[in-house]
Amino acid sequence: QARARGISLDFRCDGASPRVYIKKAELCQVVNSLIANSLEAIGRSGEVTIRRQDSGADRVVLTIEDNGPGIAPDIAPRLFQSCATGKSAGLGVGLALTKRILDRCGGTIELVNRRLRGARVTLSFPTPGVNAK
């Protein structure tokens with residue numbers, strides 16, 4: 001999808017790939033959903049940057065940034081509620097499901113607008129050995 005729309009995907013990671021406390025299928029669901037949101041927001045000709053870094057506090061942080069229009073102010077307070085969407089198509093369940101998955105594994109999610117530069121989603125995952133939920 002990204003290639004067909006002229007959107008570049010840039011993946012950067014710091015250090016070795018540590019294990020995180022989340023099921024592989026759930027991690028794929030979360031990341032795919034967030035990247036799909038970025039691609040939809042950008043439309044054509046843009047950039048999505050995915051960064052993975054070890055936070056040094058028994059957590060791994062994954063950040064997904066895009067240069068789309070950002071999060072509409074009227075939808076921002078309801079982003080993690082089921083059926084909340086600012087899109088013309090879609091059910092509005094992606095972010096609600098993502099939050100539920102992260103809550104269940106002891107992870108966190110934060111979404112912010114980057115003024116005039118799209119949106120940033122920051123995920124934090126506990127590593128094995130940490131008291132996760």
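Residues numbered from 1 in each chain as written. Predicted model: local features only at pLDDT ≥ 70, side-chain atom pairs only at ≥ 80, totals over all residues. Heavy atoms only, no water.

(A) Quick peek at helix 3 (residues 94-105). Relative to the 16 Å expected for twelve residues at 1.5 Å per residue, helix 3 spans 17 Å between its end C-alpha atoms, a close match to the ideal helical length. When helix 3 is considered as a whole, its buried residues turn out to be L95, A96, T98, I101, L102 and C105. Against helix 2 (24-42), strand 4 (108-113) and strand 5 (119-126) lie the buried residues of helix 3. A positive backbone phi angle near 85° is found at G106, which sits one or two residues after helix 3. (Helix = DSSP H or I, 4+ residues; strand = E, 2+ residues; numbered from the N terminus. Expected span 1.5 Å × (residues − 1). Buried < 20%, exposed > 50% of the residue type's maximum accessible area, 1.4 Å probe, protein only. Contact = heavy atoms within 4.5 Å.)

(B) How the structure looks around the pattern of salt bridges. If you walk through the whole model with that rule in mind, you get five salt bridges. For D10, the salt bridge goes to R12, with nearest N and O atoms at 2.6 Å. One salt bridge connects D103 with K99, and the closest N-O pair in it is separated by 3.0 Å. Residue D103 and its partner K99 are both found in helix 3; the two are separated by four residues, about one turn of the helix. Each of R51, E65 and R120 takes part in one network of salt bridges that share partners. (Salt bridge = Lys/Arg side-chain N within 4 Å of Asp/Glu carboxyl O.)

(C) Geometry of the environment of G15. One can find G15 in the loop between strand 1 (7-13) and helix 2. Given the relative accessible area of 65%, G15 is considered exposed. As for G15 and R52, which are separated by 37 residues in sequence, their C-alpha atoms are 8.9 Å apart.

(D) Representation of the nonpolar core in the model. Within the largest apolar cluster, 25 residues are counted, with the highest numbers of intra-cluster contacts made by L34, V48 and L123. In terms of residue count, the dominant contributor to this core is helix 2 (six residues). Every residue in contact with V48, bar those within four places of it in the chain, is listed here: I7, S8, L9, D10, S38, L39, I42, I64, E65 and D66. (Core = buried A, V, L, I, M, F, W, Y, C linked by side-chain atoms within 4.5 Å.)

(E) Fine view of unusual backbone geometry. With phi around 55°, S45 is a residue other than glycine that occupies positive phi space. Note that S45 resides in the loop between helix 2 and strand 2 (46-54).

(F) The arrangement of the pairing of strand 1 in detail. Summarising the sheet, strand 1 and strand 2 pair through seven bridges and their orientation is parallel. Looking at the pairing, F11 lines up with I50 of strand 2. Read from strand 1 through helix 2 to strand 2, the crossover connection turns out left-handed. (Pairing = 2+ DSSP bridges. Right-handed = clockwise from strand over helix to strand, strands pointing away.)

(G) Broad picture of the side chain of E65. Mapped onto the elements, E65 comes out in strand 3 (residues 59-66). A polar contact of 2.6 Å, which involves the side chain of E65, links it to the side chain of R120. Beyond its immediate stretch of four places on either side in the chain, E65 contacts E47, V48, T49, R51, R114, A119 and R120. (Polar contact = N/O pair within 3.5 Å; in protein donor to acceptor, adjacent residues only side chain to side chain.)

(H) Layout of helix 2. Over its 19 residues, helix 2 extends 27 Å from the first C-alpha to the last, a length consistent with the 27 Å expected when each residue adds 1.5 Å. Contact partners of the buried residues in helix 2: helix 1 (2-5), strand 1, strand 2, strand 3, helix 3 and strand 5.

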